[in-house]
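Secondary and tertiary structure notes
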Amino acid sequence: MDNYTPTNAQHRQQLIIEVAQARNENANDVHIKYLTFGHLFDNDVAHTAAMTYVRSGKACLAAEGIKSLVFRSGKMLYIRYIEQSSERCIIEVKRTDFPSDVPAQRFEYSFEDAIRAGNSNQLNYKKIPSAMLTARCFVKMARDYFSDVVAGYYSVDEMMDNENMNDHERAQIAAQSL
């Protein structure tokens with residue numbers, strides 16, 4: 001099946017079950033994700049399921065989901081990754097809807113920021129620090145500079161920061177979110 005956009009309620013339920021089975025997820029969780037975020041992903045059940053999570057009964061976006069929303073908004077003129085390392089990520093970005101004389105904005109998320117946030121001991125920060133810092137930097141940039149696009153939507157990383165879970169579970173979710 002190529003098209004995962006439902007044509008009616010019965011078709012939607014069929015697609016939710018099909019996508020849940022393909023992704024080895026609970027159909028109720030896929031339904032919550034679709035109801036919460038489906039409109040942001042052209043009502044495509046499969047795309048919505050891939051870009052979102054359900055944590056503690058609440059739908060949230062994967063880091064890639066937030067990135068997708070920003071790119072799809074058409075409000076980003078350009079993005080430049082100044083540095084991506086295990087020490088820091090620095091992003092420079094400019095909006096299309098700001099006056100041309102407004103300079104590009106820079107955003108940084110460093111390993112020191114992860115330490116201050118209490119995240120540095122998490123397994124993924126030890127295994128793939130560059131990817132984790134890049135994801136956090138992008139989410140920070142999206143929240144600060146594209147708040148009109150992502151306002152009110154939380155990333156799965158932000159949700160996990162407020163939950164007690166073991167390193168293995170956190171690492172699995174965070175890695176899938178990248």
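Residues numbered from 1 in each chain as written. Predicted model: local features only at pLDDT ≥ 70, side-chain atom pairs only at ≥ 80, totals over all residues. Heavy atoms only, no water.

1. Focus: the overall build of the chain
A count of helices and strands for the chain gives ten helices and five strands. Every one of the 178 residues in the chain was classed for burial, and the buried ones make up 44%. For the chain, the computed accessible surface area is about 9,300 Å², with 47% contributed by carbon and sulfur atoms. (Helix = DSSP H or I, 4+ residues; strand = E, 2+ residues; numbered from the N terminus. Buried < 20%, exposed > 50% of the residue type's maximum accessible area, 1.4 Å probe, protein only. Areas by Shrake-Rupley, 256 points an atom, 1.4 Å probe, with all protein chains shown as cover.)

2. Some details on the packing of aromatic side chains
As enumerated under the stated definition, the model contains six aromatic pairs in all. Ring centres 6.5 Å apart and planes at 65 degrees place the aromatic pair Phe 111 and Tyr 125 in the edge-to-face group. Placement of the pair is Phe 111 in helix α5 (residues 111–117) and Tyr 125 in helix α6 (residues 123–127), with a sequence separation of 14 residues. Taken together, the aromatic side chains of Phe 98, Phe 107, Tyr 145 and Phe 146 make up a single cluster linked through ring pairs. In this structure, Lys 33 packs its charged tip against the face of Tyr 53, placed 6.0 Å from the ring centre. Its end group placed over the ring of Phe 138, Lys 67 keeps NZ or CZ at 5.3 Å from the ring centre. (Phe/Tyr/Trp six-rings, centres within 6.5 Å; stacked < 30°, edge-to-face > 60°. Lys NZ or Arg CZ within 6 Å of the ring centre and 35° of its normal.)

3. Points about helix α2 (residues 27–37)
Among all positions in α2, only Val 30, Lys 33, Tyr 34 and Phe 37 are buried. Across the axial projection of α2, the buried residues extend over an arc of 95 degrees, all falling on one side. Looking at α2, the residues exposed on the side facing more than 90 degrees away from the buried face are Asn 28 and Leu 35. Taken together, the buried residues of α2 touch α1 (9–23), α3 (45–51), β1 (52–55) and β2 (58–61). The opening residue of α2, the one whose side-chain oxygen lies 2.6 Å from the backbone nitrogen of Asn 28, is Asn 26. (Arc of directions from axis to C-beta. Contact = heavy atoms within 4.5 Å. Polar contact = N/O pair within 3.5 Å; in protein donor to acceptor, adjacent residues only side chain to side chain.)

4. Comments concerning the packing of helix α4 (residues 63–73) against helix α7 (residues 129–145)
Where α4 meets α7, the axes come as close as 10 Å, and the angle between the chain directions of the two elements is 45 degrees. By the angle class used here, α4 and α7 are oblique. When you trace α4 past α7, the crossing you get is left-handed. Facing α4, whose interface residues are Ala 63, Ile 66, Lys 67, Val 70 and Phe 71, α7 presents Ala 135, Phe 138, Val 139 and Ala 142. (Axes fitted to C-alpha atoms, helices over the stretch in contact; angles between N-to-C directions. Parallel < 35°, antiparallel > 145°, perpendicular 65-115°, else oblique. Left-handed = near helix turned anticlockwise from the far one by under 90°.)

5. A short note on the state of the cysteines
On inspection of all chains with the given rule, the structure shows zero disulfides. The thiol of Cys 89 is unpaired, and the distance to the nearest cysteine sulfur, on Cys 137, comes to 3.9 Å. Cys 89 sits in the buried class, given a relative accessible area of 0%. (Disulfide = S-S within 2.5 Å.)

6. Remarks on the pairing of β1
Neither face of β1 is left uncovered, since the one carrying Thr 52 and Val 54 and the one carrying Tyr 53 and Arg 55 both have all their residues buried. With four bridges joining them, β1 and β2 adopt antiparallel strand pairing. Bridging from a neighbouring strand, Val 54 pairs with Ala 59 of β2. Here β1 hands over to β2 after two residues, with Ser 56 in that stretch at a positive phi of 50 degrees. (Pairing = 2+ DSSP bridges.)

7. Observations regarding the nonpolar core
Residues Phe 41, Val 70, Met 76, Val 93, Phe 138, Met 141 and Phe 146 are the most contacted members of the largest nonpolar core, which totals 30 residues. For this core, the elements supplying multiple residues, two or more each, are β2, α4, β4 (88–95), β5 (105–110), α7 and α8 (147–150). The element best represented in this core is α7, accounting for nine residues. Among all residues touching Val 93, those that are not within four sequence positions of it are Met 76, Tyr 78, Ile 79, Ala 104, Gln 105, Phe 107, Met 141, Tyr 145 and Phe 146. Judged by nonpolar contacts, the second largest core, of eight residues, contains Ile 16, Val 30, Tyr 34 and Ala 49. (Core = buried A, V, L, I, M, F, W, Y, C linked by side-chain atoms within 4.5 Å.)

8. Considering the environment of Lys 140
Considering the arrangement of structural elements, one finds Lys 140 in helix α7. Put simply, Lys 140 and Phe 107 are 33 residues apart on the chain and 7.6 Å apart in space, counted from C-alpha to C-alpha.

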